[in-house]
Amino acid sequence: MNKSKVTSKKVVAETKVVNNKKSEPIAVSEPKKSVSKPTTTATTTVSKSPVSTITTQILGKRTKTPVVRDEENEDEKLDFGNIDLNNYNSEDDEDYESEEDDEGDDEEDVESQNGSIVYSESEEEEEGGINKALLEAEESLVEYQSEDDSGSISSKSSSSTTTTTTTTKKTNNDEEEVAPNKQWTNDPNQFYDSDDSSEDESLVNRIGNIPLEWYDDYDHIGYDVDGNKIMKTESMKDSIDKYLDQQDPNFWRTVYDKVNDKKVVLSDDDMALLKSIQNKHFIPGYDPYADWYDSGNNHPDSIHPMHNAPVPKRSFFPNGTDEEREIRRLTKAIRMGWIKLNKKGKKGEKDKKDGNFDLWADEGEEKEKTKGIRRIAAPKQKLPGNVESFNPPEEYLLNENELKAWHLMDPRERPHNFIPQKYQSLRQLPIYNKLIKERFERCLDLYLCPRTTRVKQFTKDPTKFLPTLPKPQDLRPFPSHEEIQFLGHKARVRSISISPNGQWLASGSDDCTIKIWEVSSTRCLYSLEVESEVQTVAWNPNPIYNILAVGYSNKIIIITPPLFGTQTEHSPETEKILTKPPTDSSTEQQQNKSVNWYQVTGADKAKLLEKGVRIEIHHPFTVKNLTWHYKGDYFSTTSPEEGTRSVKIHHLSKRATQSPFRKSKTPNQVTRFHPNKPIFFVADQNIIRVYDLMKQELIKKLITGCRYISSIDIHPQGDNVIMGGYDKKVCWFDLDLSVRPYKVLNYHKMAVRKVIYHPTLPLFASCSDDLSIHVFHGMVYDDLLQNALIVPLKILKTHESINDLGVLDIVFHPKQPWIFSSGADSTIRLYTN
Amino acid sequence: MESENKNNNKKVKEESKVKVKFITNDANIRVTDTPIAVPVRLGRLGLSEVIHHLREEENETSKPFDFLINGKFIRTTLDKHIKNANLSEEQIITIEYLEAITEPKREKECQHDDWVSCVDGSNFGLVVSGSYDLGVRVWGYDGELISTGTGHLAGVKSVCWISDKNADNLSFVSASMDKTLRVWNFNKSQSEIKALACLKEHTGTIESVYVSPDSSRIVSASMDSTIKLWSIKDIPNQHATTSSSIEKSNSKKRRLANNTNNETAAVDQQSEIIHNITESLASVTVPNSQGVTVVNWTTQFQMLSGSMDSKIRLWDVSTLVANDTIPTPAPLTDLDYSMESGLIVTAHKDRIVRIWDPRSSDETKSQTQSLISHKTWVTSVNWNPSSKYHCCSTSHDGTVKYWDIRTKIPLYTIDTLEKSKDKVLSSSFISNKNKNINDYSIVSGGTDSKLRIHYNDKQEQQQ
């Protein structure tokens, strides 16, 4: 392999010389020299004879050539090396492919010539003339250039090398390894004259570089391009044929070429050559004793030049130094696009070449290219610094003040979690007692902390995030506009309540009056003045009773409003529930001593009696809230000022009071009864507690996340709860779903005063100090799998603000999609659909 | 067609005349029925002038007319109306004209002690009103208080005359929030009101009462979702006349009894004179009605009811079964049936007055007209007893509107309440003996505690 390469290089080198020659002045190409040319070749051995200056010059050149050639070889080798180092990209190789092929062919030609030259030496001396030589030299120039490139690549190209090897093999077989080279290298012209012989070479089969012994047992030696067998001819001959062959006078000089499967008759020259080799002579035509001529340039150390003649211009080597040439070559290659600069690859190469391998370099950049989760590498621990040293520098040691300060500091604020101390030697260093704990925490950190980056999904259309809700128009009926007002109160109306049949509306106001209005005519039918501001009014939800409960200051009064006329009898049920049970005549079995029930009787209370006031219940503290059980026999009150025992449950027919809850951290605000089960909801400031009254146990705690609950309401089906808070929040709880809000509605700008469900329609509403009443569609499905549908429907905003108070109470009509609201502007308004 | 119309319009503008024929039902104002070419740019007033011009020899004082083409009022100019109605100018257009109904210029105020909740003027020349001051009052046509009856314990919600052949001895029924109905006798000669009977069975406030056309039965509707029928024949009529003085003293006694809260004694004493009828002839509970607000009779065999659940029900009187149910968009407050046209007019809590035809089988088509002009709840509606087309409505917005159901715009609006916040709760027509369409007056009562009788000068002259 190497040899073949070298030979090819030699060819190259030689042609280069020719090239150089060609660049010489015309004098060289004068016809005279056509004569001298063959002589030179012929007289290489007779070089001692005197020659003309020109010829000497030429001779000098000639003789110089081996040296130059060596240089060239070296250059080429350097080229090899450099290019190997540069390690062209595969793309570049591709660029070269085509060229390589061509070059391969060329080389083949050249090298087949190598072989053939040996046999056709006689032809060399033909009258080719220097002109022809020059012409061919021009061709060779082209060849050279391509050769040069190919030289740089040939090490890679396998196709070309295989052919060369075959040729070399051939030469091996012929046992003419060196001699022919020497022969023709001395005279480049031969090389071109032997063109004809190349035609013979076309016969060379291309079985490839395959050991021929594989085919020993076959009658063929391989396959041609078309896949047909290449038959052996010689070896198949039988002994008679072989004997007959012996009759050939040239038999003794016939050699069998295994590869090409043909017989070659060695020429006389071949024989001479063989003979000379056998006799250990030099190859004919090679002068081993040629004069050594030193041009003088080879010795830069020499002080004196070998001759005084100025260096001729032609000897100027335009290519300059190797380095410059290399740079030029590379720049050209880059400009032509043969080399593509790929920084990364080169960098990697360089890094590898540096030899210093950064063990930790990749750790930080370790990016998983999986598209799903992007992991963040765990943070590295800080490397120990001077402080951690067993012998820290003085400035790191703490003096007394610093020590005190260190102790006073919050552990999290300390710069490091140990006191630096100085030891004489490392072996005096005591064991670090926090080691295991720190390692453990580190391990915890490494495997417990989820380190993934959340990839934000950007969508172009932000409306896509909105849930698809039905249009409000499709969810009619719902209250949409103010229809009528109930005027008459002189101060803010704190509380309103509607009778179970929707005919009457009760209101309690800060002007210390309780009024009852006829809804259909807005007529005020009843008005009762009491001692202080009315906190709460509540109709008994059972339609068979006509009972109104009113809470003001620390009293609750039970009224049977004389709506049917003062003398009209009330329904027997009403009377029955209000008559005093006989048992509690003297010793009242009241569980709660702080609450007292009084029957309103006597002449002094005649006025109250006429107004329908039947029972007074005295509490120790102000009653803020009152709510009825759906059956109308129980009601519950809260008086937050009382603190822990603020919730009381009153039994109307038995006239008894209980305070079932003893412990409560924050004062209870609101209570509600479940609409059809013995379940009781108690809301303190933050938490809604759900109690089972039968089992007397806590069922659930609803965590509202609200700072101050103002109001709660239970869905008529009992599985959903809404809550309004003074911190503007409205939360919807699905009791089956979670103890946390299913939906949090942050629509109000000020404190939410009241939230209510519609008793029959899928509506709920909230009112706030920002004067608005928000009406929502709140559909609860029987299907447990389907979550409630909440759609904001309407904002009703007609109340006026007085002292930053807005809408104080709202109530839905029991059947119609109407909502009543009372406000700080002392009006009650009705909104209808 | 459209292009043709446009061409026609152009022609109309060029020629600007169309041949019309005037017809009328009123013989007094009849003009020649030969077709006349009139300019199409004329509106109502222009056409009125034409009529005046045609009637000039009769020397009539100028009075505006209203014009109808195919039962539609001309409210714009003639050409626009023709265009909208897709009529052809080529043919002779028949225009019906009638005297324009003008707003009653005059009114009389009859002061009550409290809100006037109901009024009925269907008995000739006499108006009965009920008030939240617990009294029922009978007023003369001229607004003079004839008599006051007391006895109800809560506000009176509804009153109705019981037509009787005997013009001197009239009776009426009142319904109250105290869950009772009272039948009263009004002796015209003595100018006295006497309570005849007290009908107690309802458990809720009674919202409406109406007397059957043959004056044999009373129907009452209550918020307790029941409709009850009572027989008038059970109430002895002559009884009251004989013992009127006793009744009076008894009422006084009853008042005393009230003060002493001795109800039983009062009832005992009362029962001697006033018939306490505690059992109705028939009763029916209207399911899911949320309270029946109004009842009415169509014929003596069929009743109408309107309730808070927004449904009009037609009842067969003999079986008390709801034959037909007409769903409406809003709760009803009042309805009235026109004997003349067979249509029902209803008042709703969604500001709209609607006209229904109960005879059409398709429920969706039974609504024939919706009249939208009131600003808030409509409280009462009444057909003009002498007209097929005219009705009036009252509303919480304090107005009385007079409608011709052929046009969607009210003919006029009576808006005479001083305070804008006052509401009109009830109204009624005071019918006259001569059935002239324009010869009527409207009586209305509201939260200003006044009964207002609206009438024109002409009627006063006639009186």
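Residues numbered from 1 in each chain as written. Chains lettered and ligands numbered in written order. Predicted model: local features only at pLDDT ≥ 70, side-chain atom pairs only at ≥ 80, totals over all residues. Heavy atoms only, no water.

Quick word on the overall build of chain B
Our working rule: Secondary structure is summarised from DSSP: a helix means a run of H or I of at least four residues, a strand means a run of E of at least two, and numbering begins at the N terminus for each. For each residue, the accessible area found with a 1.4 Å probe, counting protein chains only, is set against the maximum for its type, and the residue is called buried under 20%, exposed over 50%, and partly exposed in between. Note on definitions: a residue-residue contact is assigned when non-hydrogen atoms from the two residues lie within 4.5 Å.
A tally of regular secondary structure across chain B gives 7 helices and 34 strands. Expressed as a percentage of the 463 residues in chain B, the buried residues total 59%. Restricting the contact set of chain B to residue pairs at least 6 apart, pairs at least 24 apart contribute 52%.

Brief notes about the side chain of Asp 397 of chain B
All names here are of chain B. Which entries qualify depends on this criterion: Two N or O atoms form a polar contact when they lie within 3.5 Å of each other; inside protein one atom must be a possible hydrogen donor and the other a possible acceptor, and for residues adjacent in sequence the pair counts only when both atoms belong to side chains.
Topologically, Asp 397 is positioned in the loop between strand E29 (390-395) and strand E30 (400-404). Side chain to side chain, Asp 397 and Ser 395 meet in a polar contact 3.0 Å long. At 2.7 Å, the side chain of Asp 397 and the side chain of Thr 399 are in polar contact.

Brief notes about the environment of Ile 207 of chain A
Residue and element names in this part refer to chain A. Residue placement: Ile 207 occurs in the loop between helix H10 (197-201) and strand E1 (220-223). Spatially, the C-alpha atoms of Ile 207 and Val 225 are 8.6 Å apart, while their sequence positions differ by 18 residues. Not counting the four nearest positions on each side in its chain, Ile 207 is found in contact with Leu 212, Ile 221, Gly 222, Tyr 223 and Ile 230.

With respect to the nonpolar core
For soluble globular proteins, nonpolar side chains are generally found buried alongside one another. Residues and elements named next belong to chain A. Selection rule: Residue types Ala, Val, Leu, Ile, Met, Phe, Trp, Tyr and Cys, when buried and joined through side-chain atoms within 4.5 Å, form a set referred to as a nonpolar core.
Grouped together as the largest cluster of nonpolar side chains are 25 residues, with contacts concentrated most on Ile 514, Val 550, Ile 557 and Ile 559. When residues of this core are traced back to their parent elements, those giving at least two are strand E9 (504-509), strand E10 (513-518), strand E11 (523-529), strand E12 (534-539), strand E13 (548-552) and strand E14 (555-559). Setting aside residues no more than four positions away along its own chain, Ile 557 makes contact with Ile 514, Leu 528, Val 530, Leu 548, Ala 549, Val 550, Tyr 552, Val 613, Ile 615 and Glu 616.

Overview of the UniProt feature "repeat: WD" in chain A
Residue and element names in this part refer to chain A. Our working rule: UniProt positions are given in the numbering used here, feature names are shortened, and annotations may be inferred rather than shown by experiment.
UniProt's feature table lists "repeat: WD" at residues 331-370, 488-527, 529-569, 618-660, 663-701, 704-743, 747-786 and 802-833, given in the numbering used throughout. The span residues 704-743 is 0% helical and 45% strand by assignment, and the distance between its end C-alpha atoms comes to 11 Å. Taken end to end, residues 802-833 is 0% helix and 50% strand, and its first and last C-alpha atoms sit 27 Å apart.

Thoughts on the interface of chain A and chain B
Heads up, the condition is: Note: buried area is the sum, over both parts, of the accessible area (probe 1.4 Å) each one loses when the two are combined. Just to be clear on terms, a salt bridge is a Lys or Arg side-chain nitrogen sitting within 4 Å of an Asp or Glu carboxyl oxygen.
Contacts between the two partners involve 27 residues from chain A, matched on the other side by 28 residues from chain B. Carbon and sulfur atoms make up 52% of the surface buried where chain A meets chain B, a total of about 2400 Å² over both sides. Linking chain A to chain B there are 3 salt bridges. Two residues, Arg 523 of chain A and Asp 114 of chain B, come together in a salt bridge whose shortest N-O distance is 2.5 Å.

Notes on the packing of aromatic side chains
Keep this limit in mind: Side-chain rings of Phe, Tyr and Trp (the six-membered ring for Trp) are treated as a pair once their centres are within 6.5 Å; stacked means planes under 30 degrees apart, edge-to-face means over 60, and tilted covers the remaining angles. Cation placement over rings: the criterion is NZ of Lys or CZ of Arg within 6 Å of the ring centroid and within 35° of the ring normal.
The tally for this structure, following the rule as stated, stands at 23 aromatic pairs over all chains. The interplanar angle of 70° and the centroid separation of 5.4 Å between the aromatic rings of Trp 161 of chain B and Phe 172 of chain B together place this pair among those described as edge-to-face. A residue pair is termed long-range when its members are at least 10 positions apart, and Trp 161 of chain B in strand E11 (residues 156-162) and Phe 172 of chain B in strand E12 (residues 169-176) qualify at 11 residues. Judged by relative accessible area, which is 0%, Phe 172 of chain B ranks as buried. Pairwise contacts between aromatic rings join Trp 732, Tyr 747, Tyr 757, Phe 764 and Phe 776 of chain A into one cluster. Above the ring of Trp 406 of chain A, the side-chain terminus of Arg 414 of chain A is found at 4.0 Å from the ring centroid. We note Arg 406 of chain B situated over the ring of Tyr 389 of chain B; from NZ or CZ to the ring centre the distance is 3.7 Å.

Brief notes about the sheet that holds E30 of chain B
Residues and elements named next belong to chain B. Stated precisely, the cut-off is as follows: Strand pairing requires that DSSP identify at least two bridges connecting the strands. Structural elements are reduced to axes, namely lines fitted to C-alpha atoms, with helices fitted over the stretch in contact, and the angle between N-to-C directions of any two is expressed from 0 to 180 degrees.
The strand order across the open sheet built from 4 strands is E28-E29-E30-E31, with neighbouring strands paired in antiparallel fashion. The sheet terminates laterally at strand E28 (378-383) and strand E31 (412-414), the two strands that pair on one side only. In this sheet, adjacent strand axes meet at a mean angle of 20° when their direction is disregarded. As paired elements, E30 and E31 share 3 bridges and run antiparallel to each other. Across the sheet, Val 400 pairs through a bridge with Ile 414, a residue of E31.

So, the sheet that holds E12 of chain A
Residue and element names in this part refer to chain A. With antiparallel pairing, 5 strands are arranged side by side in an open sheet as E12-E13-E14-E16-E15. This sheet does not close on itself; its edge strands, each paired only once, are E12 and strand E15 (596-599). On average, each strand axis in the sheet is tilted by 20° relative to the strand beside it, whichever way the strands run. In terms of strand pairing, E12 meets E13 through 5 bridges, oriented antiparallel. Paired with Val 537 across the bridge in E13 is Val 550.

Focus: helix H2 (residues 44-54) of chain B
Residues Gly 46, Leu 47, Ser 48, Val 50, Ile 51 and His 52 of chain B constitute the buried set of H2 of chain B. Turning to H2 of chain B, the residues buried within the fold contact strand E1 (17-23), strand E2 (36-39), strand E3 (65-69), helix H3 (78-84) and strand E5 (93-99) of chain B.

Looking at the UniProt feature "repeat: WD" in chain B
Following the UniProt record, the feature "repeat: WD" maps to residues 111-149, 151-194, 201-240, 287-325, 327-366, 373-413 and 419-463 of chain B here. Each end of residues 287-325 of chain B is marked by a C-alpha atom, and these two atoms are 12 Å apart; helix forms 0% of the span and strand 64%.

Thoughts on unusual backbone geometry
All names here are of chain A. Here the bond from Arg 476 into Pro 477 is cis, since omega is 5°, no more than 30 degrees from zero. Residue placement: Pro 477 occurs in the loop between strand E6 (452-453) and strand E7 (481-486). At Leu 771, a residue that is not glycine, the phi angle is positive and equals roughly 75°.

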